[in-house]
Amino acid sequence: MSFENIIFEIDGAIAVIRFNRPKALNAINPDVLKEVNQAMDQVEANSGVKVLILTGEGDKAFVAGADIAHMVNLTPLQGRKFSRDGQELMFRLEALPIPVIACVNGFALGGGTEIAMACDFIYASENAKFGQPEINLGIIPGFGGTQRLARLVGKAMARELCMTGAMISAAEAKEIGLVNKVFPPDQLWEETMKTARVLASKGKVSMKAAKQCINRGYEVDLRSGCYMEADGFAVCITSPDQKEGMSAFLEKRKPEFKGELS
Ligand code: CAA
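These figures come from a predicted structure and were not determined experimentally. (Residues numbered from 1 in each chain as written. Predicted model: local features only at pLDDT ≥ 70, side-chain atom pairs only at ≥ 80, totals over all residues. Heavy atoms only, no water.)

### Examining the overall build of the protein
Our working rule: Where helices and strands are cited, they refer to DSSP runs of H or I of at least four residues and of E of at least two residues respectively, numbered from the N terminus. We compute the radius of gyration from the C-alpha atoms alone; for a globule the expected value is 2.2 Å times N to the 0.38, where N is the number of residues. For each residue, the accessible area found with a 1.4 Å probe, counting protein chains only, is set against the maximum for its type, and the residue is called buried under 20%, exposed over 50%, and partly exposed in between. Working rule for contacts: check all heavy atoms of both residues, and any pair within 4.5 Å makes them a contact. Counting rule for charge: Lys and Arg are taken as positive, Asp and Glu as negative, and neither His nor the chain ends is counted. To locate a charge, take NZ of a lysine, CZ of an arginine, CG of an aspartate or CD of a glutamate.
Scanning the protein from terminus to terminus reveals 11 helices and 10 strands. Computed over its C-alpha atoms, the radius of gyration of the protein comes to 19 Å, within 12% of the 18 Å expected for a compact globule of 262 residues. Expressed along its principal axes, the backbone C-alpha trace of the protein runs to roughly 60 × 40 × 35 Å. Put simply, the protein has 262 residues, and 44% of those count as buried. For the protein, the proportion of contacts with a sequence separation of at least 24, taken over those separated by at least 6, is 70%. In the protein, 30 side chains carry a positive charge and 32 a negative one; their mean positions are 3 Å apart.

### Looking at the domain arrangement of the protein
Going by this rule: An automatic or database domain assignment supplies the residue ranges for each domain. We define buried area as the total accessible area lost by two parts upon association, computed with a 1.4 Å probe and summed across both. Salt bridges are defined as contacts in which a side-chain nitrogen from Lys or Arg sits within 4 Å of a carboxyl oxygen from Asp or Glu. Identification of polar contacts relies on pairs of N or O atoms within 3.5 Å, with a donor-acceptor requirement for protein atoms, meaning one able to donate a hydrogen and the other able to accept it, and with residues adjacent in sequence counted only if both atoms are side-chain atoms. Polar here means any residue other than Ala, Val, Leu, Ile, Met, Phe, Trp, Tyr, Cys and Pro, which are nonpolar, and Asp, Glu, Lys and Arg, which are charged; Gly is therefore polar.
Partitioning the protein into structural domains gives domain 1 (6–200) and domain 2 (204–250). Computed over C-alpha atoms, the centres of domain 1 and domain 2 are 26 Å apart. Facing the 12 residues of domain 1 at the interface are 7 residues of domain 2. Summing both sides of the interface, domain 1 and domain 2 together bury roughly 820 Å²; the carbon and sulfur share of this comes to 51%. Taken together, the connections running from domain 1 to domain 2 amount to 2 salt bridges. Between lysine 211 and aspartate 120 there is a salt bridge; the shortest N-O distance is 2.9 Å. Seen at the junction of domain 1 and domain 2, the total is 8 residue pairs in polar contact (both at pLDDT 80 or more). Residue composition of the side of domain 1 that touches domain 2, grouped by class: 7 nonpolar, 1 polar and 4 charged.

Printed below as a string of structure tokens:
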């Protein structure tokens, strides 16, 4: 399947989606949402893929937000649909049973910060910029930004960013806990791939359980989250990957995880 707004590649266990609308700094419109969903269909159908990376083509932008030219004349109903379609894509990224890394190589504004936050964690280049500038356009974040930002960095910081519309540097984003690691621009891709290869070497069943327990458990009270964890632990404890992981430890060798998701 060929795409016009993204570049999609699978190299062994690692799939990469590159946002690719250079003329609009990779801004998101309904066609981009559709193509990312189609690429994710392929990721989900391919049991060999163990990690997904999202990044921007070029060296200027990850995603400079939702496409303002698309939004300028939307009706309330069309606006709600665009927002809900974007939100559903974010939920889909969070529900994917494999880890998703946001490799942020430039502007990640509005919808760009929102997509990055729906990934499992963010690696950024020193020149990346984050923010929720929607207030400057007379709107608010629509792809989950008001919700995920508050959960990730706390209510006060989320309010400050959404209310001022200020852009922050990668270093500031790391300081507030939005970004995990910051690298010089020429090292970002290799460092992201290094971590992707580490993730790809782990067991699928335990990776899915860890991701789901953290993501779903974060939405509920501690005791309910711990019940989810015990259920996840129970699934892992009889899995082929558990047999391999523990045998490898006892035999003093490196594990080779080959278990499949049931
Ligand atoms: N939508 C549509 N086009 C965009 C865009 C966007 N979000 N961001 C940039 N572009 C376009 C510009 O219009 C420009 O096009 P032309 O060359 O045809 O004029 C091109 O990309 C290059 O942009 P600039 O000339 O502005 O580049 P710059 O280096 O001077 O500035 C920038 C870069 C600071 C990122 C600036 O482009 C900017 O502020 N972009 C808008 C960022 C924004 O407000 N994002 C939030 C969108 S709303 C949203 O995301 C809602 C939601 O949650 C769903």
